[in-house]
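Residue-level listing of the chains:
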There are 2 protein chains.
Amino acid sequence: MTKVLIFGHQNPDTDAITSAISFAYLQNALGVEAEAVALGPVSEETAFALNYFNTTAPRVIETASNEVDAVMLVDHNEAQQSVSDIKDVKVLAVVDHHRIANFETVDPLYYRAEPVGCTNTIIYKLFKEHNIEIPKEIAGLMASAIISDSLLFKSPTCTQEDIEIANKLAAIAGIDLNVYGLDLLKAGTNLADKTVAQLLNMDAKSFPMGDKSVRVAQVNTVDVEEVFLKQAELEAEMAVENEKNGYDLFVLVVTDILASDSAILAVGAPLSAVEKAFNVTLEHNRALLKGVVSRKKQVVPQLTEALSK
Amino acid sequence: MTKVLIFGHQNPDTDAITSAISFAYLQNALGVEAEAVALGPVSEETAFALNYFNTTAPRVIETASNEVDAVMLVDHNEAQQSVSDIKDVKVLAVVDHHRIANFETVDPLYYRAEPVGCTNTIIYKLFKEHNIEIPKEIAGLMASAIISDSLLFKSPTCTQEDIEIANKLAAIAGIDLNVYGLDLLKAGTNLADKTVAQLLNMDAKSFPMGDKSVRVAQVNTVDVEEVFLKQAELEAEMAVENEKNGYDLFVLVVTDILASDSAILAVGAPLSAVEKAFNVTLEHNRALLKGVVSRKKQVVPQLTEALSK
């Protein structure tokens, strides 16, 4: 088999970057020539993890078909979240923990999805199934992804399996999950020097919902009000993004990693669907979602449901 | 968790029926209340296997949402091959060995696909991963499915893993794969007393290809010419089916299980796509495809490719 590229979603978070690295390591160990690449630059949180575990960031690609015939996807499957020319390459394998949508192949493939909190939790099981040892640095990156995706096990997406596997990986990596974990999460909350455009793009994904196109961005912070000081600027930029990219609705989820709540800001239409989805009333386009920290489990399904009726 | 229904595709073949039975057995062993059901009556081949291993055929359902909120799919994923009200139930899990298309969920789920020859090969691995013993009767049904899907290991879809697992299952079931296998396949080739409508529906699936809707039916036989004695009748019925169901094209694949070749008969448009797909010239709508026995690997991708340009 010729070389394959392995990558996570656009606007990569720590799981998207590190699951490409860990799955590429596994594929190489299994005799497949695979390179982990990325669909965007790494976040500050991910940079902290890569630096801690002496790993260089994967190179960023714009297209895949100019380099390879076949790819493997991690931490995503929806075409609009993938490489721009995904239709021009063959998808050999997917490892993911999201819903399946807007994904289609011509041929049978490996597809391994489980409703767990993190792609690297599944990749850990694949290492075990194939009897491949996980090196210290890879284990550290995989643990980082579980910490990141689960907000240190506070997200409702987090399963018992995620916690158990994070502990096993931490033991291999030689880290204290709570100490390292909080340092990692805090590294991702430095929003002060970001422009509003950067902030809206740090961790943003697009979703078709009913007949609408919805953009959902999420930022983690220890100071929600600091983000909302820029509310007017944010709303203006969200309206520009909607116009430019054909989004009907843009929802920014500002998650307080200490309080485990999120404030949302919504721009576009129908705003009534946002209110219906979360059973809240938007005031100045804003609402507090008590106990909401997971875009995947507490935001996207509810919005999809509200927009599909 | 409340009860779930588990079923394979419409026009069920031996793998669709027995993978529902084996996966339901596994789910029950894991504490899930699951019932194997079917989206149609069993074929003569499947009836032979069920009878041999003292198992009753699953009851046939028309809809699922009147009984349950959630289902698990085996041996298929495409909505048009599934239960009629698939949109009204939650899909908790899929175990399959086909391409992924026309499949979408709101929530994350278990999805286990591998490009192997048979769904039961994957289910065998799931039994092992969960450390659940496979009873003799279930093992026999699972081996039957591998024999059926691989035409006794002659299909190009058949992998080394299918062969190894079929041998392990045969040992548990106490059967000789070659003796039992040929008896099983022959039980499915009794076409003489079938009407043309029955024959066209024995193992037929619909596929969106490009902007066309294509029906591909397959029958196994030890006497291809016996089938083509009814060519005029078959063509008339295929045209009626196209008209009635909005298929653009109907392709019947008549597979000689001894010679490992297939004769195809095509009705509808564009017939040029059929010729291009297989690099043949249709004569009286008919052509011989040398070495072709697998709809999934040697017919559907080639037709999809030809119709997608």
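Thresholds applied
- Residues numbered from 1 in each chain as written.
- Chains lettered and ligands numbered in written order.
- Predicted model: local features only at pLDDT ≥ 70, side-chain atom pairs only at ≥ 80, totals over all residues.
- Heavy atoms only, no water.
- UniProt positions renumbered as here; feature names shortened; annotations may be inferred.
- Helix = DSSP H or I, 4+ residues; strand = E, 2+ residues; numbered from the N terminus.
- Contact = heavy atoms within 4.5 Å.
- Polar contact = N/O pair within 3.5 Å; in protein donor to acceptor, adjacent residues only side chain to side chain.
- Domains from an automatic or database assignment.
- Buried area = accessible area lost by both parts, 1.4 Å probe.
- Buried < 20%, exposed > 50% of the residue type's maximum accessible area, 1.4 Å probe, protein only.

Trainee: Any chance you could explain the UniProt feature "binding site: Mn(2+) 2" (unreviewed entry) in chain A here in plain terms?
Mentor: Residue and element names in this part refer to chain A. Under the UniProt annotation, "binding site: Mn(2+) 2" (unreviewed entry) lies at Asp15, Asp75, His97 and Asp149. The largest pairwise C-alpha distance within this set of annotated residues, which runs over 135 residues, is 10.9 Å, so the set is compact in three dimensions. Relative to the assigned elements, Asp15 resides in helix α1 (residues 14-29). Ignoring anything within four residues of it in the chain, the contact list for Asp15 reads Ala20, Asp75, His97, Cys118, Thr119, Asn120, Ala145 and Asp149. Relative to the elements of secondary structure, Asp149 occurs in helix α4 (residues 136-150). Apart from the residues lying within four places of it in its own chain, the contact partners of Asp149 are Asp13, Asp15, His97, Gly117, Cys118, Thr119, Ser155 and Thr157. A distance of 3.4 Å separates polar atoms of two side chains, one belonging to Asp149 and the other to His97.

Trainee: Explain the domain arrangement of chain A here, please?
Mentor: When the parts come together, some accessible area is lost, and that loss is often what is quoted as the size of the interface. All names here are of chain A. For chain A, the assigned domains read domain 1 (4-189) and domain 2 (196-308). Each of domain 1 and domain 2 has a C-alpha centre, and the two are 24 Å apart. Taken together, the 17 residues of domain 1 in the interface contact 22 residues of domain 2. For the domain 1 and domain 2 pair, buried surface summed over both sides reaches about 1,900 Å², with 55% attributable to carbon and sulfur atoms. Interface area lost by domain 1 to domain 2 is led by Asn11, Leu151 and Thr189, which between them contribute 29%. Joining domain 1 to domain 2, the criterion identifies five residue pairs in polar contact (both at pLDDT 80 or more).

Trainee: Whenever I open this one, unusual backbone geometry confuses me. Can you help?
Mentor: A negative phi angle characterises most non-glycine residues, just as the trans form characterises most peptide bonds. Residues and elements named next belong to chain A. Residue Pro270 is bonded to the preceding Ala269 through a cis peptide linkage, with omega at 0°. In this structure, Pro270 sits in the loop between β9 (261-268) and α10 (271-278). With a phi close to 70°, Phe153 is a non-glycine residue in the positive phi region. Relative to the helices and strands, Phe153 resides in the loop between α4 and α5 (160-173). The exposure class of Phe153 is partly exposed, given its relative accessible area of 22%. Positive phi, normally seen in glycine, also occurs at Asn279, with a value near 55°. Here Asn279 is to be found in the loop between α10 and β10 (286-289).

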